[in-house]
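# Coordinate inspection notes
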Amino acid sequence: MSTDRKTPPPAIPARIWKIAAVTGAGAFMAMLDSTVVNLALETIREDLATTLPLIQWIATGYLVALAISLPLAAWLGNRFGYGRLWAFSLAGFTGASVLCAIAPGPWSLIAARFLQGLAGGLMVPAGQAIIGATAGPRQLGRIMGALGLVVALGPAIGPAIGGLLLDHTSWRWLFWINVPVGVAALLLAKGLVPAGDRDETRRLDIAGLLLLGAGLPLFLYGATEFGAEGLTRTNLVCVVAGLVLVAGFVANATRARPPLIDLALLRRPVFATATLTTGLTGANMYGGLLLLPLYLQVIAARDTVETGFLLLAMGLGSALALPVGGALTDRFGAGRVTLAGALALLLSTLPFLLPTPLPALWLAPLLVVRGIGMALGQMPAMTAAYAAAHKEEMGDAATLVNIVQRVGGAIGAVLIVVLLAHADGAEGYFNAFVMLSIISALTMLLALVMMRLTARDEREAAAG
């Protein structure tokens, strides 16, 4: 296929759109569920007559379970085929939703949510691997943009759907709504989603699984609690221990044959640059999601309703920009679109450095621009990473991108907490927005590098 950017990108067959729609249903379900469940914590606590610290584990346990199963996605996908893994994990997520809906008490609900998280940690990268292996390099942008729109709508409409359900029905319907979506996706997938190739000779790297399977959840749990509680000895131990174990996994991956995840992909300059970019945009996104609500309420003196609507505007900005960004990525390349997104992030962050709180008239437009910047910064980078991998490497590529994105997000949240904790009042917020500005500027530099590397590869492909 020609990589000449002067020619329009090829049309996407209807079959690929159908595969994307079916696999995207699972990702939408997972995003929607995580959003509405957080909204219902107090309602669930009252109904099950338990304590808030315990019931919060239906959210925390889900995130920890995601991190436990994610390292296994590449090996399971290669061993059994990514289509089979996706169908199995979607069925598991749907079944776990039923268990959540009928849970008689807090512990059974926490256990069911943990099962949901295990399934979700496999389902999302497996679905991305299917798309990466099915679509061509200059079709991926539009496909990823459309999928990103669907996934972004989960957090955007989740609170509204959750509020309606909680007002008119039981919280248990927050889980029942997954069942028809999951069953419909499984039925539609038959004969449509390719099962994938099996590699029955691929052995499991047990040492790598133990190191990453323990290190990643420890780090993400410690970072999440860091964001919620601030610096405590327990959180610090979890973060440090997690980082040590992840470092051990990296060292083991250079010796294991075959490794749990093929880190040799990171030797490819385009893949490494694009994946690092997703980590930076993850830090920008999760750091901003922690910082902005606090700024809006503490510094800008907005009430919770205004804050909610302003954050909704940011989410809608991302959702609306994703399909456009996908088309632009296929036409002009990921580097240019990522550069535009990072510039939008920088320009929408700098006004928050002004010495006086921003007026209400500025806040909504700035947050819409920030949402657009997040969409244009992150999605094209993911597309470039998958385009740089071969079909048989898609599972490793999807797993690596998801891990780096999650770790980047956790680091961004931790940095925000540290900066706010070590300076009083407006100074802490100033320092935090400076950090987001630096991350945006670094993303711009990486986008420029990605542009040069991609142009070099395209010239070499044309010459060869």
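None of these values were measured; they are calculated from a predicted model.

Analysis parameters
Note on numbering: residues in each chain are counted from 1, in written sequence order. Only residues with pLDDT of 70 or above have their local features reported here, since the model is predicted, and side-chain atom pairs are shown and tallied only from 80 upward, although totals for entire chains, interfaces and linings are computed over all residues. Hydrogen atoms and water are omitted, and side-chain values are computed over all heavy atoms in the structure. Patch membership is restricted to residues that have no salt bridge and whose relative accessible area is over 30%. Joining uses 9 Å for like charges and 5 Å for the nonpolar side chains Val, Leu, Ile, Met, Phe, Trp and Tyr. Residue exposure ignores everything except the shown protein chains as possible cover, and the areas themselves are Shrake-Rupley values with a 1.4 Å probe. Whenever Lys or Arg places a side-chain nitrogen within 4 Å of a carboxyl oxygen from Asp or Glu, that contact is recorded as a salt bridge. Counting from the N terminus, the helices are DSSP H or I runs at least four residues long and the strands are E runs at least two residues long. Three labels apply to residues, based on accessible area from a 1.4 Å probe with only protein chains included: buried if under 20% of the type maximum, exposed if over 50%, partly exposed otherwise in between. Working convention for charge: Lys and Arg count positive, Asp and Glu count negative, and His plus the chain ends are omitted. Two residues qualify as a contact provided that any one of their heavy atoms is within 4.5 Å of a heavy atom in the partner residue. Only C-alpha atoms enter the line fits that serve as axes; for helices the fit covers just the stretch in contact. Angles between N-to-C directions range over 0 to 180 degrees. By definition in this entry, angles of less than 35 degrees are roughly parallel, angles greater than 145 are roughly antiparallel, angles of 65 to 115 are roughly perpendicular, and the rest are oblique. For any pair of crossing helices, the crossing counts as left-handed if the nearer helix is rotated counterclockwise from the farther one by less than a right angle, and right-handed if it is rotated clockwise. Following the grouping adopted for this structure description, the nonpolar residues are Ala, Val, Leu, Ile, Met, Phe, Trp, Tyr, Cys and Pro, the charged ones are Asp, Glu, Lys and Arg, and the polar ones are all others, Gly among them. Whenever two N or O atoms come within 3.5 Å, that pair is a polar contact, provided that in protein one can donate a hydrogen and the other can accept it, and provided that, for residues adjacent in sequence, both atoms are side-chain atoms. Whether two aromatic rings pair depends on their centres lying within 6.5 Å, for rings of Phe, Tyr and Trp, where Trp uses its six-membered ring; planes under 30 degrees apart make the pair stacked, over 60 edge-to-face, and the rest tilted.

## Some points on a nonpolar patch on the surface
On the surface, a nonpolar cluster with roughly 370 Å² of combined accessible area is contributed by Leu231, Leu236, Val240 and Val244. As for its position among the elements, valine 240 is in helix H12 (residues 233-253).

## Digging into the side chain of arginine 370
With respect to the helices and strands, arginine 370 occurs in helix H16 (residues 360-387). Although buried, arginine 370 forms no salt bridge, and the nearest oppositely charged side chain, glutamate 306, lies 19 Å from it. Residues in contact with arginine 370, not counting those within four places in the same chain, are Asn284, Met285, Gly288, Leu292, Met314, Leu345, Ser348, Thr349 and Leu436.

## Here's the deal with the packing of helix H13 (residues 269-299) against H16
Packed helices, taken two at a time, are described by the angle between their axes plus the distance between the axes. Following both chains from N to C, one finds H13 and H16 inclined at 155°, their axes separated by 8 Å at the closest point. It follows that H13 is roughly antiparallel to H16 by the angle criterion. When the axes of H13 and H16 are compared, the crossing they make is left-handed.

## Looking at the packing of helix H15 (residues 334-349) against H16
Two elements in contact, H15 and H16, have axes whose closest approach is 7 Å; the angle formed by their N-to-C orientations is 150°. Classified by the angle their axes make, H15 and H16 are roughly antiparallel. When you trace H15 past H16, the crossing you get is left-handed. Residues Ala334, Val337, Thr338, Gly341, Ala344, Leu345, Leu347, Ser348 and Thr349 of H15 form the contact with H16, whose own contacting residues are Leu366, Val369, Arg370, Gly373, Met374, Leu376, Gly377, Pro380, Ala381 and Ala384. Residue composition of the contact of H15 with H16, grouped by class: 12 nonpolar, six polar and one charged.

## A closer look at the side chain of arginine 302
With respect to the secondary-structure elements, arginine 302 resides in the loop between H13 and helix H14 (304-332). A polar side-chain atom of arginine 302 sits 3.3 Å from the main-chain carbonyl oxygen of alanine 300. Ignoring anything within four residues of it in the chain, the contact list for arginine 302 reads Leu296, Gln297, Thr307, Leu310, Leu358, Pro359, Ala360 and Leu363.

## Some words on the packing of aromatic side chains
Overall, the coordinates contain eight aromatic pairs when judged by the stated rule. Ring geometry for tryptophan 75 against phenylalanine 80: centres 6.4 Å apart, planes inclined by 90°, an arrangement best described as edge-to-face. In this structure tryptophan 75 comes out as buried when scored by relative accessible area, which is 13%. On the basis of relative accessibility, which here comes to 34%, the residue phenylalanine 80 falls in the partly exposed class. A ring pair is formed by tyrosine 295 and phenylalanine 352, whose centres lie 5.2 Å apart and whose planes are at 80°; its orientation type is edge-to-face. In this pair, tyrosine 295 sits in helix H13 while phenylalanine 352 sits in the loop between H15 and H16, placing the two residues 57 residues apart along the sequence. Grouped by ring-pair contacts, the aromatic residues Tyr295, Phe352, Tyr429 and Phe433 constitute a single cluster.

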